[in-house]
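The residues making up each chain are set out below.
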Amino acid sequence: YLSGGPFVLQEQYGLSANAYSVVFAVNATGLVVLGFVNARLVKRYAPRRLLAISLVIAAGAGVLLVGAMLLHIPGVALVLIGLFVVVASRGMMTANAMFLGVDRAQARGMASAILGAGMFAGGILVTPAVGLTPERPGDAMSIAILVGTLLALAALALTRTSGGKVDERMGS
């Protein structure tokens, strides 16, 4: 989204720089709001459950994006909705994934650093993929979003619950 969004929304859909800035701000606001919502929800629900829910929601939005792009659905509304949901869901996704990733580690600081570096490395590796379809950058971007989300869902499904105090207390 960060690397492909400007090309998709400005070049492919014709948004002005100002309109793209508004879209970016709205999406960022959604991310922050869901981060605050997540802070309240983790008091009642297990982080693993919240991560799974946010991944399923993001996957649904990814399907919407891929459909809108590959079916050449006219207009930008479906794309804006899909991108908002994908970006906003990261407010729940990132915090819970990071917590679960470091919860089991003995060297939590190092685990946090590795997870953070991994997120940046993933972005670096995926960014060139957006250029694979220069005439329609949204195709590659939407597929990358969906594939990344599905891989995260698969990774979550393949991991065991941590058995950590928070998961047990919250009944994951």
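The rules we used
- Residues numbered from 1 in each chain as written.
- Predicted model: local features only at pLDDT ≥ 70, side-chain atom pairs only at ≥ 80, totals over all residues.
- Heavy atoms only, no water.
- Helix = DSSP H or I, 4+ residues; strand = E, 2+ residues; numbered from the N terminus.
- Rg over C-alpha atoms; globule rule 2.2 N^0.38 Å.
- Buried < 20%, exposed > 50% of the residue type's maximum accessible area, 1.4 Å probe, protein only.
- Contact = heavy atoms within 4.5 Å.
- Areas by Shrake-Rupley, 256 points an atom, 1.4 Å probe, with all protein chains shown as cover.
- Lys, Arg positive; Asp, Glu negative; His and termini not counted.
- Charge placed at Lys NZ, Arg CZ, Asp CG, Glu CD.
- Phe/Tyr/Trp six-rings, centres within 6.5 Å; stacked < 30°, edge-to-face > 60°.
- Core = buried A, V, L, I, M, F, W, Y, C linked by side-chain atoms within 4.5 Å.
- Axes fitted to C-alpha atoms, helices over the stretch in contact; angles between N-to-C directions.
- Left-handed = near helix turned anticlockwise from the far one by under 90°.
- Nonpolar A, V, L, I, M, F, W, Y, C, P; charged D, E, K, R; others polar.

Peer 1: Give me the lowdown on the overall build of the protein, citing residues and values where you can.
Peer 2: The secondary structure content of the protein amounts to seven helices and zero strands. In summary, the protein has a C-alpha radius of gyration of 17 Å against a globular reference of 16 Å for 172 residues, a match within 12%. Expressed as lengths along the three principal axes of its C-alpha atoms, the size of the protein is roughly 50 × 30 × 25 Å. Residues counted as buried form 34% of the 172 residues belonging to the protein. Intrachain contacts of the protein at a sequence separation of at least 6 include 73% that bridge at least 24 residues. As displayed, the protein offers around 9,600 Å² of accessible surface, 71% of which is attributable to carbon and sulfur atoms. The averaged location of the 6 negative side-chain charges in the protein is 15 Å from the averaged location of its 12 positive side-chain charges.

Peer 1: Lay out the side chain of D139 in plain terms, naming residues and giving numbers.
Peer 2: Summarising the element assignment, D139 is placed in helix α6 (residues 137-158). D139 gets classed as buried once you look at its relative accessible area, which sits at 12%.

Peer 1: An account of the packing of aromatic side chains is requested, with residue identities and associated values reported.
Peer 2: One pass over the structure, following the stated rule, counts one aromatic pair. Centroid distance Y20 to F24: 6.1 Å. Interplanar angle 45°. Geometry classified as tilted. Remark: F24 and Y20 occur in helix α2 (residues 17-41); sequence separation between them is four residues, near one turn of the helix. In this structure Y20 comes out as buried when scored by relative accessible area, which is 10%.

Peer 1: Would you mind going over the nonpolar core in detail, with residue names and values included?
Peer 2: Formed by 17 residues in total, the largest nonpolar core has its most connected members in L9, L65, V79, L83, M141 and I145. Looking at this core, the elements with two or more residues in it are α1 (5-12), α2, α3 (47-70), α4 (77-103) and α6. Excluding its chain neighbours within four sequence positions, the residues that come into contact with M141 are Y1, G4, G5, V8, L83 and V130. Residues L51, L55, A58 and L156 belong to the second largest nonpolar core, which totals six residues.

Peer 1: Provide a residue-level description of the packing of α1 against α6, including the pertinent values.
Peer 2: Contact pair α1 / α6: the axes reach a minimum separation of 9 Å and the direction vectors enclose 145°. The handedness of the crossing between α1 and α6 is left-handed. Residue-level inspection shows G5, F7, V8 and Q12 of α1 in contact with α6, the latter providing P137, G138 and M141. Each residue belonging to the contact of α1 with α6 can be placed in one class, and the counts come to four nonpolar, three polar and no charged.

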